[in-house]
Amino acid sequence: MIRWAAPVLLLALVPASPAHAGQSYPLDLPAGRLGDVLTALGRQAKISISVDDGAIWQRRIPAVKGVYSVPEAVRRMLGDKVEAVAIEPGVWRIRPARAQPAPRPRPRRAPPPAADQPGEGETVVVVASKRDMRLGDYAGSVSVVEGSDINLGGVGGTDAVLSRLATISSTYLGDGRNKLFIRGIADSSFTGPTQATVGQYFGDIRLTYNAPDPDLKLYDVQSVEVLEGPQGTLYGAGSLGGIIRIVPNEPAFGVTSGSFAGGVSATQHGAPGGDIAGTLNLPVLGDRAALRIVGYGISDGGYIDNPLRRRDDINRTTTGGGRAALRVDLGGGWRAELGGVYQRTVGDDSQYADAGAPRLVRNSAVAEGFDASYGMGEFILSRDFGKVRFRSTTARIAQTLDERYDATPPGGTPTVFRQHNYTELVSNETRLWQPLDDHFGWLVGASYVHNRTLLTRSLGAPDRLEPVTGVENRVSELTFYGEASYRPVPWLIATAGARVSRAMLSGEAHDPTPVFSAVDLLARAAIVADHDETKVLPSVSLLAKATPKLSIYARYQQGMRPGGLTLDGDFVRRFAGDRVETVEGGLRYGDPRRDGFDVSLGVSHTDWHDIQADFLDSAGLPSTDNIGNGRIWSVAASVGWRPVRALRLDASFAVNDGRVTQPSQTYRAFLLAAAPLQDGGIDRIPNVARFTARAGFDWQHTLRDDLTLRVAGWARYIGPSRIGVGPVLGAEQGDYADSALTMRVGTPRVGLVFGATNLSDSIGNRFALGTPFVTGRSQITPLRPRTFRLGVDFSF
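A. Quick peek at the overall build of the protein chain. Check the secondary structure of the protein chain and you find seven helices and 47 strands. A total of 796 residues make up the protein chain; the buried ones form 58% of that total. Counting contacts in the protein chain only where the partners sit at least 6 residues apart, residues at least 24 apart contribute 67% of the total. Accessible area for the protein chain stands at about 30700 Å²; split by element, carbon and sulfur atoms hold 60% of it.

Dropping the structure here:
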């Protein structure tokens with residue numbers, strides 16, 4: 001969630017339905033600080049508010065309940081000495097009340113800033129910092145994608161976020177099967193026992209541990225925040241590259257509202273599809289509780305043909321799911337929330353094609369479908385004690401991924417490899433913090449995570465699969481962490497923190513190959529024995545405000561992942577944990593929401609020790625090992641410009657240069673094997689393009705009254721990369737461009753949407769792997785062909 005702070009403070013809740021000046025709303029605003037109360041007002045009325053006088057930001061405000069317009073609500077909160085003025089639909093400014101227009105500005109005092117020229121000192125609060133750090137005070141790289149942008153062209157998921165940021169990359173095995181990477185820190189193409197390098201969060205809930213991206217559909221979310229890593233101090237293990245935080249819309253007290261969106265799509269060279277989604281917010285128990293329910297369903301038409309099996313458009317993917325949250329005011333300032341998420345994604349077949357074959361064609365002997373499901377339950381308890389805030393979050397998660405791969409040898413009988421990955425995660429995080437004021441801010445917290453992953457495998461004819469060795473990994477982490485910031489002078493902030501984690505690791509083999517000697521039995525017992533690790537992850541940063549809009553920062557932070565058990569052929573062995581150290585410097589000027597011009601730049605160097613990565617073992621199955629030490633240089637920049645108020649242009653790029661500088665003995669053998677087969681670059685960190693660039697525009701025009709036309713588009717280039725390590729996984733991928741254009745015409749309440757993706761209808765190669773087995777076919781994962789969508793949306 002993003003908020004705006006004084007002296008011109010905008011509560012950044014980009015309204016899904018911008019308000020009209022005379023409109024009234026059923027409001028349930030709790031007593032408290034003005035900043036918190038205005039946040040609640042912005043959510044309930046779906047408006048953005050700016051405050052000219054930052055001195056009133058900490059003022060205590062009485063509760064406001066009833067049906068009021070925005071000016072009436074502000075008057076009841078602050079009296080007659082201030083007034084709320086509508087700047088444009090959905091945007092309000094609170095300023096000192098004026099008895100009559102002043103003939104000229106007062107001497108030595110600048111007039112209030114115009115709507116398109118915000119005042120100096122405007123800044124954003126980064127809630128993902130866990131202590132409400134204002135963006136101008138935060139030493140690090142932050143990106144925010146608004147929920148309204150994600151769903152402009154239909155119900156979006158992770159792909160919609162990737163298309164708007166140059167710093168994130170992904171594998172492309174299919175929805176619910178992919179791995180995400182930030183800042184060039186990428187380990188491998190497969191989802192195995194290694195923990196993810198990117199932490200994914202739904203609010204304060206950790207979505208995964210070592211499972212793939214569940215690709216939750218992002219309908220009815222406020223925003224998605226991306227903090228580049230490592231984020232070891234605040235988020236612990238598994239945040240080497242950074243974190244991605246989904247900010248959902250919270251249940252609103254005393255409000256009955258809803259929305260609906262739906263559409264149909266036509267894919268060139270493929271089958272049609274469709275999507276539908278809706279949300280409903282209901283008051284419960286009067287004004288003391290609120291329930292918010294979200295549901296959605298998407299069917300993406302297939303576009304891969306399989307002449308060998310005489311089937312067309314084989315890779316249709318269907319996704320269905322929803323969320324529900326009940327929020328209760330317990331009294332005495334305490335709030336509780338009980339919620340849940342469920343989603344299931346079924347792919348009829350995989351989305352890869354044969355390289356060199358006719359367009360969008362694959363000749364595989366068997367179907368390679370998948371079934372991914374994700375379920376999560378959460379309980380949140382929170383309260384403010386004056387300036388000090390408390391929040392405790394508990395969750396239980398179950399995630400299942402069932403995959404089928406074609407393992408047919410060239411000229412052989414049809415053979416299937418099936419992999420079933422079951423993950424259960426229980427977590428709690430409890431923290432206490434005080435936001436940074438004029439001098440000091442702090443955070444202390446504790447967390448507990450228990451994760452269990454069971455990977456089972458089978459191989460054989462489609463109707464006679466035989467089990468092969470699987471593995472179970474269990475990890476329990478107990479963590480204490482803290483961070484503090486000190487402002488010795490108004491323009492300088494020093495921050496330091498540390499995290500102490502105790503990880504208890506255990507595991508065992510499933511369906512193992514029998515062993516017959518006592519020596520073998522002792523060796524296996526040693527491998528699967530419990531193993532404990534204690535890690536300390538420090539961080540330190542310094543930020544200077546050269547001007548009210550320009551921040552310059554430097555940061556040092558560490559991140560880590562624990563080790564675990566992996567499979568090597570029919571045997572189980574242990575791999576070690578890995579660790580990163582990153583030094584980063586950057587600058588940030590302006591804000592993309594309000595300023596006519598904004599720019600950000602970040603440069604980082606990462607040392608990566610004992611890199612965990614996947615490769616193919618002697619049986620052609622994915623395995624994990626530590627491949628050595630490496631380093632990564634990363635440069636990322638973005639710029640935005642509003643030549644006129646109705647038009648915003650933006651561009652960004654990222655450059656990543658990752659190398660394995662000290663290969664392990666295992667990886668050195670792969671390098672020697674690959675050298676005759678590859679044209680250099682075999683020591684590169686896999687799956688991350690060295691260069692990625694994006695450009696976009698967003699134009700809005702008022703046709704009449706509240707009828708508007710919005711046209712938005714983007715183009716993105718992904719440079720070449722390698723899929724993995726070793727001679728088999730050294731294939732090139734990437735070096736393609738993608739694009740999209742979306743148009744919406746309507747009012748805030750109802751609209752008609754037309755969109756198109758992959759405008760050039762290019763093929764590309766997003767991912768050079770469909771099956772990890774050597775089947776005599778080179779593989780590519782093409783872009784979805786040019787697709788048109790016609791949709792409608794309305795809200796009440």
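That was the structure; now back to the text.
B. Focus on a nonpolar patch on the surface. Taken together, Val264, Met743, Leu752, Phe754, Phe788, Leu790 and Val792 make up a surface patch of nonpolar side chains, about 600 Å² in accessible area. Among the elements of the structure, strand E45 (750–757) and strand E47 (787–795) are those that each provide at least two residues to the nonpolar patch. Ranked by residues supplied to the nonpolar patch, first place goes to E47 with three residues.

C. Focus on the nonpolar core. Counting residues in hydrophobic clusters, the biggest one holds 46 residues, and the most contacted among them are Val161, Ile168 and Ile244. Not counting residues within four places of it along the chain, the set of residues in contact with Ile244 comprises Ile168, Leu180, Ile182, Val198, Gly199, Gln200, Tyr201, Val224, Glu225 and Val226. With 24 residues, the next largest nonpolar core counts Leu27, Ile47, Leu78 and Ile94 among its residues.

D. The arrangement of the side chain of Thr606 in detail. One can find Thr606 in strand E35 (residues 597–609). Of note is the side chain of Thr606, whose polar atom sits 2.8 Å from the side chain of Thr582. With residues near it in sequence (within four places) discarded, Thr606 still touches Ile185, Val580, Glu581, Thr582, Gly630, Arg631 and Ile632.

E. Up close: the environment of Arg131. Within the fold, Arg131 resides in the loop between strand E9 (123–126) and strand E10 (133–134). Along the primary structure Arg131 and Val444 are separated by 313 residues, whereas in three dimensions their C-alpha atoms are 9.7 Å apart. With residues near it in sequence (within four places) discarded, Arg131 still touches Trp433, Pro435, Gly441, Trp442, Leu443, Glu483, Ala484, Ser485 and Thr495. Within polar-contact distance, the side chain of Arg131 engages the side chain of Ser485 at 2.4 Å.

F. Just the sheet that holds strand E11 (residues 142–146), in detail. Spatial strand order, E11-E16-E17-E14-E15: five strands in an open sheet with mixed pairing. Each edge of the open sheet is held by one strand with a lone partner, namely E11 and strand E15 (205–206). Relative to strand E17 (residues 242–248), strand E16 (residues 221–228) runs antiparallel, the two being bridged by seven bridges. Pairing of Glu225 across the sheet is with Arg245, part of E17.

G. Structural view of the packing of aromatic side chains. One pass over the full model with this rule turns up nine aromatic pairs. Through pairs of rings, three or more aromatic residues link up here, namely Trp334, Phe385 and Phe390. Seen from the ring of Tyr235, Lys130 lies directly overhead, with NZ or CZ sitting 4.2 Å from the centre. For the cation-ring pair, Arg431 lies above Trp433, with the distance from its terminal atom to the ring centre recorded as 4.7 Å.

H. Broad picture of helix H2 (residues 70–78). Buried within H2 are the following residues: Val70, Ala73, Val74, Met77 and Leu78. With its buried residues spanning 110° around the axis, H2 presents them on a single face. Taken from the residues just after H2, Gly79 is the one with a positive phi, measuring 85°.

I. Up close: the confidence of the model for the protein chain. On average, residues of the protein chain score 85 in pLDDT, and 85% of them reach the 70 mark or higher. Across the protein chain, the element-wise mean pLDDT spans from 38 in strand E1 (residues 2–5) up to 97 in strand E22 (residues 334–347). Throughout residues 1–20 the model reports pLDDT below 50, and contacts reaching past four residues in sequence, or to other chains, amount to 104 contacts. Counting interchain partners and residues more than four positions distant, the pLDDT-below-50 stretch residues 100–123 has 37 contacts.

J. Highlighting the environment of Gln231. Here Gln231 shows up in the loop between E16 and helix H5 (232–235). Setting aside anything within four residues of it in sequence, one finds Gln231 in contact with Tyr138, Gly236, Ser239, Gly242, Ile243, Arg555 and Gln557. A polar atom in the side chain of Gln231 sits 3.4 Å from the side chain of Tyr138. A polar contact is formed between the side chain of Gln231 and the backbone oxygen of Glu228, at a distance of 2.8 Å.

K. Structural context of the pairing of E45. Pairing geometry for strand E44 (residues 736–746) and E45, over seven bridges, is antiparallel. Bridged to Thr742 within E45 is Gly755. Between E44 and E45, which pair antiparallel and follow one another directly, the connecting turn spans three residues.

L. Structural detail: the pairing of strand E21 (residues 317–331). By the bridge criterion, twelve bridges tie strand E20 (residues 289–300) to E21 in an arrangement that is antiparallel. By the bridge assignment for E21, Leu291 is matched with Leu326. Where E21 and E22 come together, 14 bridges link them in antiparallel fashion. In the sheet register, Gly331 faces E22, and the bridge partner there is Trp334. Adjacent in sequence and paired antiparallel, E21 and E22 are bridged by two residues, among which Gly332 carries a positive phi angle near 65°.

M. Examining the pattern of salt bridges more closely. Overall, the coordinates contain 43 salt bridges when judged by the stated rule. Measuring nitrogen to oxygen at the nearest pair gives 2.6 Å for the salt bridge that ties Arg362 to Asp349. You can see Arg362 sitting in the loop between strand E23 (353–354) and strand E24 (370–385) and its partner Asp349 sitting in the loop between E22 and E23, a full 13 residues away along the chain. As far as the burial class goes, Arg362 and Asp349 line up, both buried. The shortest N-O distance in the salt bridge between Arg722 and Glu732 comes to 3.0 Å. Here the residue Arg722 occupies a position in strand E42 (residues 721–722), and Glu732 occupies one in strand E43 (residues 732–733), the gap between them amounting to ten residues. Judged by relative accessible area, which is 3%, Arg722 ranks as buried. When salt bridges with common partners are traced through the structure, they connect Lys130, Asp204, Arg245, Arg391, Glu429 and Arg431 into a single cluster.

N. Just the side chain of Asp761, in detail. You can see Asp761 is positioned in the loop between E45 and strand E46 (779–780). Judged by relative accessible area, Asp761 falls into the buried class, the value being 10%. When residues no more than four places from it in sequence are discounted, the contact partners of Asp761 are Gln268, His269, Arg359, Pro785 and Arg786.

O. Highlighting unusual backbone geometry. Going from Gly229 to Pro230, the amide bond is cis rather than trans, its omega being 0°. Locating Pro230 in the fold gives a position in the loop between E16 and H5. At Arg183, a residue that is not glycine, the phi angle is positive and equals roughly 60°. Following the sequence through the fold, Arg183 ends up in the loop between strand E13 (180–182) and strand E14 (198–202). Positioned with a positive phi, Asp735 is a non-glycine residue whose angle comes to about 60°. Relative to the assigned elements, Asp735 resides in the loop between E43 and E44.

What counts as what
Residues numbered from 1 in each chain as written. Predicted model: local features only at pLDDT ≥ 70, side-chain atom pairs only at ≥ 80, totals over all residues. Heavy atoms only, no water. Helix = DSSP H or I, 4+ residues; strand = E, 2+ residues; numbered from the N terminus. Buried < 20%, exposed > 50% of the residue type's maximum accessible area, 1.4 Å probe, protein only. Contact = heavy atoms within 4.5 Å. Areas by Shrake-Rupley, 256 points an atom, 1.4 Å probe, with all protein chains shown as cover. Patch = residues over 30% accessible without salt bridge, like charges linked within 9 Å, V, L, I, M, F, W, Y side chains within 5 Å. Salt bridge = Lys/Arg side-chain N within 4 Å of Asp/Glu carboxyl O. Core = buried A, V, L, I, M, F, W, Y, C linked by side-chain atoms within 4.5 Å. Polar contact = N/O pair within 3.5 Å; in protein donor to acceptor, adjacent residues only side chain to side chain. Pairing = 2+ DSSP bridges. Phe/Tyr/Trp six-rings, centres within 6.5 Å; stacked < 30°, edge-to-face > 60°. Lys NZ or Arg CZ within 6 Å of the ring centre and 35° of its normal. Arc of directions from axis to C-beta. pLDDT = per-residue confidence, 0-100.

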